[in-house]
Amino acid sequence: MTAAGTPDETTVVPGGRPADAAVETIQREMTVFARRARASAGRMHPELSLVSYTLLGHLEERDGRRATDLAAHYALDKSTVSRQVSALERAGLIERRVDPDDHRVQVLHLTESGRHVLDRVTERRRAAFRARLADWPEEELLRFAAYLERYNAWPDAAPGRERDRAAPADTYGWTSTH
């Protein structure tokens, strides 16, 4: 590794090429990032896991969604989403409303309390990111943001599926229950 932490020609990994070393480094660092994100989510709000925070954000962005839509969008098991939804309902952060177009369908929406908690946690997360990236030059921040968008824009493998901005749950080798 170089002083900046990037792989160089001397890095040895299976495959032996610098690009292979870079992929190994990316995988390792994204795993560290995700573990820290999960750990910090609990500190931001004790009842709000990273998955719960993500689901709340999605409901806010889309002005409500069915639980099955959430499961499909994030490539999560329906049972995982069901547990998260139940916990968010018990906490008073979301509520079910009948879909005006199809009275058989229930749509999940944020409550006022849910909006307040999401806003508070989002601002704390932004502050943490700003602090962590404070000494990065603007050019590097813009490049890093573009790389993340490009990575997360990878289309789902299933034909005809909407291109999700979120990577599938198993991208990092995790199960959908995390």
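Residues numbered from 1 in each chain as written. Predicted model: local features only at pLDDT ≥ 70, side-chain atom pairs only at ≥ 80, totals over all residues. Heavy atoms only, no water.

Asks: Is there a simple way to explain the overall build of the chain in this structure?
Replies: When its secondary structure is counted, the chain shows six helices and two strands. From first element to last, N terminus to C terminus, the chain shows the α and β order α-α-α-α-β-β-α-α. Burial analysis of the chain (178 residues in total) assigns 31% to the buried set. Roughly 12000 Å² of accessible area belongs to the chain as shown, and the carbon and sulfur atoms make up 54% of that amount. (Helix = DSSP H or I, 4+ residues; strand = E, 2+ residues; numbered from the N terminus. Buried < 20%, exposed > 50% of the residue type's maximum accessible area, 1.4 Å probe, protein only. Areas by Shrake-Rupley, 256 points an atom, 1.4 Å probe, with all protein chains shown as cover.)

Asks: So what exactly am I meant to see when it comes to the nonpolar core here?
Replies: Taken as a class, soluble globular proteins show a tendency for nonpolar side chains to be buried jointly. One finds Leu48, Leu56 and Ile94 to be the most contacted residues of the largest nonpolar core, which totals 20 residues. Of all elements in the fold, only α2 (50-62), α3 (67-74), α4 (78-90), β2 (102-110) and α5 (112-132) reach the threshold of two or more residues within this core. In terms of residue count, the dominant contributor to this core is α2 (five residues). Setting aside anything within four residues of it in sequence, one finds Leu56 in contact with Leu48, Leu88, Leu93, Ile94, Leu110 and Leu118. (Core = buried A, V, L, I, M, F, W, Y, C linked by side-chain atoms within 4.5 Å. Contact = heavy atoms within 4.5 Å.)

Asks: I keep staring at a nonpolar patch on the surface and nothing clicks. Help me out?
Replies: On the surface, a nonpolar cluster with roughly 250 Å² of combined accessible area is contributed by Trp136, Phe144 and Leu148. Along the chain, the position of Trp136 falls in the loop between α5 and α6 (138-152). (Patch = residues over 30% accessible without salt bridge, like charges linked within 9 Å, V, L, I, M, F, W, Y side chains within 5 Å. Salt bridge = Lys/Arg side-chain N within 4 Å of Asp/Glu carboxyl O.)

Asks: In this structure, what is going on with the packing of aromatic side chains? I would like to understand it.
Replies: Any aromatic ring pair is given by two values, namely how distant the centres are and how the planes are angled relative to each other. On inspection of all chains with the given rule, the structure shows two aromatic pairs. Aromatic pair Trp136 and Phe144: ring centres 5.3 Å apart, planes at 50 degrees, arrangement tilted. For Trp136, a relative accessible area of 32% translates into the label partly exposed. (Phe/Tyr/Trp six-rings, centres within 6.5 Å; stacked < 30°, edge-to-face > 60°.)

Asks: Explanation requested: the confidence of the model for the chain in the structure shown.
Replies: Regions with low pLDDT should not have their predicted coordinates read in detail. Residues with a pLDDT of 70 or more make up 75% of the chain, whose mean pLDDT is 80. Mean pLDDT in the chain bottoms out at helix α1 (residues 18-44), which sits at 83, and peaks at strand β1 (residues 94-99), which reaches 95. The low-confidence segment residues 157-178 (pLDDT under 50) makes 38 contacts with residues lying over four places distant or belonging to another chain. (pLDDT = per-residue confidence, 0-100.)

Asks: In this structure, what is going on with the pattern of salt bridges? I would like to understand it.
Replies: Any two side chains of opposite charge can pair, on the condition that their charged atoms come close. In this structure the tally under the stated criterion is nine salt bridges. A salt bridge links Glu29 to Arg28; its shortest N-O distance comes to 3.5 Å.

Asks: Help me out: how do you make sense of α2 in this one?
Replies: Spacing of three or four residues puts side chains on the same side of an α-helix, whose turn is 3.6 residues. An ideal rise of 1.5 Å per residue puts 18 Å on 13 residues; α2 measures up with 18 Å between its terminal C-alpha atoms. Among the residues of α2, those classed as buried are Val51, Ser52, Tyr53, Leu55, Leu56, Gly57, His58 and Leu59. The secondary structure elements touched by the buried residues of α2 are α3, α4, β1, β2 and α5. (Expected span 1.5 Å × (residues − 1).)

Asks: Any chance you could explain the environment of Ala91 here in plain terms?
Replies: Mapped onto the elements, Ala91 comes out in the loop between α4 and β1. Accessibility expressed as a relative area gives 29% for Ala91, which makes it partly exposed. Sequence separation of Ala91 and Gly114 is 23 residues, and the distance between their C-alpha atoms is 8.7 Å.

Asks: Looking at this structure, I do not really get the pairing of β1. What am I missing?
Replies: The side chains of a regular strand alternate, residue by residue, between the two faces of the sheet. Relative to β2, β1 runs antiparallel, the two being bridged by six bridges. Residue pairing across strands places Arg96 opposite Leu108, the latter belonging to β2. The loop that links β1 with its antiparallel partner β2 comprises two residues. (Pairing = 2+ DSSP bridges.)

Asks: Any chance you could explain the packing of α2 against α5 here in plain terms?
Replies: When two helices pack together, their arrangement is given by the angle between the helix axes and the distance between those axes. Contact geometry of α2 with α5 gives a least axis separation of 10 Å together with a crossing angle of 115 degrees. By the angle between their directions, the pair α2 and α5 is classed as roughly perpendicular. The crossing of α2 and α5 is left-handed. On the side of α2, the interface is formed by Leu50, Tyr53, Leu56, Gly57 and Glu60, while α5 contributes Arg115, Leu118, Asp119, Val121, Thr122 and Arg125. (Axes fitted to C-alpha atoms, helices over the stretch in contact; angles between N-to-C directions. Parallel < 35°, antiparallel > 145°, perpendicular 65-115°, else oblique. Left-handed = near helix turned anticlockwise from the far one by under 90°.)

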